[in-house]
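Given next are the chains, with one letter for each unit.
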Amino acid sequence: MMTGDAALTAATIARDAGITSEDHVLSGPDIARLTSHQLALRAAETSVFARLTPAQKLALVNALKESGDVVAMTGDGVNDAPALRAAHIGIAMGERGADVAREAADIVLLDDRFASVVNGVRLGRRISENLRRAMTYITAIHVPIAGLSLLPILIGLPPAFFPMHVVLMELIIDPVCSIVFEAEPEAADIMERPPRPATRSLFGWQDVSRGLFQGLVVLAVTLSGFALALRSGLPEEQARGLLLPC
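The sections below set out a description of the structure shown in this document. (Residues numbered from 1 in each chain as written. Predicted model: local features only at pLDDT ≥ 70, side-chain atom pairs only at ≥ 80, totals over all residues. Heavy atoms only, no water.)

Let's shift gears to the packing of aromatic side chains. Applying the stated criterion across every chain, the model contains 1 aromatic pair. A centroid spacing of 5.7 Å and a plane angle of 50° characterise the contact between Tyr137 and Phe181, whose relative ring orientation is tilted. Of this pair, Tyr137 sits in helix H7 (residues 115–154) while Phe181 sits in helix H8 (residues 163–182), and the two are 44 residues apart along the sequence. (Phe/Tyr/Trp six-rings, centres within 6.5 Å; stacked < 30°, edge-to-face > 60°. Helix = DSSP H or I, 4+ residues; strand = E, 2+ residues; numbered from the N terminus.)

What follows is the structure, given as structure tokens:
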């Protein structure tokens, strides 16, 4: 909590809001005597800051960022604008916030309720998780499609898929994938997980490798089934038809 109010007022409001203030409330004059390194250390240990100037709010945000934290800040006044702009995520109040604060922020709360921030984080995590699921599925499903289009020919078998089959599957896979993963419900523990590191991409090598592994397993099963069907004497058309439901 960062405010320009007096330390006693800030401590009382913080206690009523459920923000711990048992430690020392760090005031603006105290911050003015600290170096940037000392400020970063104190910022990580202190919950309430009082009697701050706009420059000191900005210095606190920069100190938290330099220590490796992802910083989100809420504010509604002109004095908050520099810190809102510097934070990774600036959140301004839409109803009673100043125009400067709203313009400096990345997100504007239309109802001025902090609960909306939690709901926004929940929705963002659900969207992020569903996007990773969709990308993993897209990666996995195209491995057997590509493999079954090329490998049978390379090993001397009849083609498993013709171009028409590939186009048909793409027309089904892409829209169905979008609809299904968009409607996928959130996990029960989605808000109990630690935040994703800022350096980690939305779809990283771990997701790619998982999709490739799943795709290779499907490719091995379907290609083996196709080969066994041909060896058992099934006509080529029937053997190929067995692959489409798979």
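Spatially, the 3 strands line up as an open sheet ordered E3-E4-E5, and their pairing is parallel. Two strands bound the open sheet, and with one partner strand each, they are strand E3 (72–75) and strand E5 (107–109). Along the sheet, successive strands turn relative to each other by an average axial angle of 25°, direction set aside. Bridging between E3 and strand E4 (residues 89–93) involves 4 bridges; their strand directions are parallel. Pairing of Gly75 across the sheet is with Ala92, part of E4. (Pairing = 2+ DSSP bridges. Axes fitted to C-alpha atoms, helices over the stretch in contact; angles between N-to-C directions.)

Attention shifts here to H7. A rise of 1.5 Å per residue sets the reference length of H7, with its 40 residues, at 58 Å; its end C-alpha atoms lie 59 Å apart and thus fit the reference within 8%. Of all the bends found along H7, the most pronounced is centred on Leu148 and spans about 35°, while Pro152, a proline, follows it within four residues. Positive backbone phi, at 90°, marks Gly156, one or two positions downstream of H7. (Expected span 1.5 Å × (residues − 1). Bend = angle between axes of the 7 residues up to and from the residue.)

Here we come to the environment of Arg96. By the secondary structure assignment, Arg96 is in the loop between E4 and helix H6 (99–104). By relative accessible area, Arg96 is classed as exposed at 56%. A C-alpha to C-alpha distance of 7.7 Å links Arg96 and Asp112, two positions 16 residues apart in sequence. With near-sequence residues (within four places) excluded, Arg96 lies in contact with Asp76 and Asp112. (Buried < 20%, exposed > 50% of the residue type's maximum accessible area, 1.4 Å probe, protein only. Contact = heavy atoms within 4.5 Å.)

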